[in-house]
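Okay, here's what each chain looks like letter by letter:
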Amino acid sequence: MSELKEYLVAIAICSPLFFFIIAVAFRLLDNSASIFLRHDILVDTSYVSADIIREHMTSSDDMKLKKSLKRALLFRKLHNFFMIMMVISIPPVIIACFFLF
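Because the structure is predicted, anything quoted here is derived from the model rather than measured.

**Student:** Go over the overall build of the protein chain with me, naming the residues and quoting the values.
**Tutor:** Per the secondary structure count, the protein chain includes 4 helices and 0 strands. Ordered by position from N to C terminus, the α and β elements of the protein chain give α-α-α-α. Taking 101 residues into account, the globule formula puts the C-alpha radius of gyration at 13 Å, and the protein chain, at 19 Å, lies well above it. In terms of principal-axis extent, the alpha carbons of the protein chain reach across some 60 × 25 × 20 Å. Of all 101 residues assigned to the protein chain, the portion counted as buried reaches 28%. Sequence separation of at least 24 residues holds for 61% of the intrachain contacts in the protein chain that already meet a minimum separation of 6. Total accessible area on the protein chain stands at roughly 7400 Å², and carbon and sulfur atoms take up 70% of it. Computing the positive centroid from 11 side-chain charges and the negative centroid from 9, the protein chain places the two 5 Å apart.

Cut-off values and rules
Residues numbered from 1 in each chain as written. Predicted model: local features only at pLDDT ≥ 70, side-chain atom pairs only at ≥ 80, totals over all residues. Heavy atoms only, no water. Helix = DSSP H or I, 4+ residues; strand = E, 2+ residues; numbered from the N terminus. Rg over C-alpha atoms; globule rule 2.2 N^0.38 Å. Buried < 20%, exposed > 50% of the residue type's maximum accessible area, 1.4 Å probe, protein only. Contact = heavy atoms within 4.5 Å. Areas by Shrake-Rupley, 256 points an atom, 1.4 Å probe, with all protein chains shown as cover. Lys, Arg positive; Asp, Glu negative; His and termini not counted. Charge placed at Lys NZ, Arg CZ, Asp CG, Glu CD.

All we've got here are geometric facts, nothing functional implied.
Set out below in C-alpha cells:
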C-alpha cells in the first residue's frame with residue numbers, strides 16, 4: 001500500500017506539468033495564422049482571435065479553408081481546456097505537499 005501511495009504522490013505532483021505540456025502541444029498544433037497566410041489573408045499577429053476565425057469560417061466558400069479553420073479552433077479550445085486544468089490542479093498539489101511531507 002505504501003508503494004501505491006508513493007506513486008500517487010508522484011503522479012499528483014507531476015499533473016500540472018503534464019497538463020501544461022499537453023496544452024503547449026495543442027497550441028503548437030493551432031496554426032491559424034499560417035492557414036490565413038496560405039490563403040492570402042493578411043493577419044496582424046500570429047495569435048488570431050477566435051472571433052476572426054469564426055468570421056472567416058462563415059464568410060468563406062472554400063471547404064478546405066473551413067475545415068482547417070475548424071480544426072484550428074478545436075485545437076485552440078483544447079489548449080484553453082488543458083491550461084484551465086493545469087491551473088485547477090496546482091492548488092491541490094500545493095496542499096498535498098504540505099500535508100504529506
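From this point, the discussion proceeds with the structure in view.
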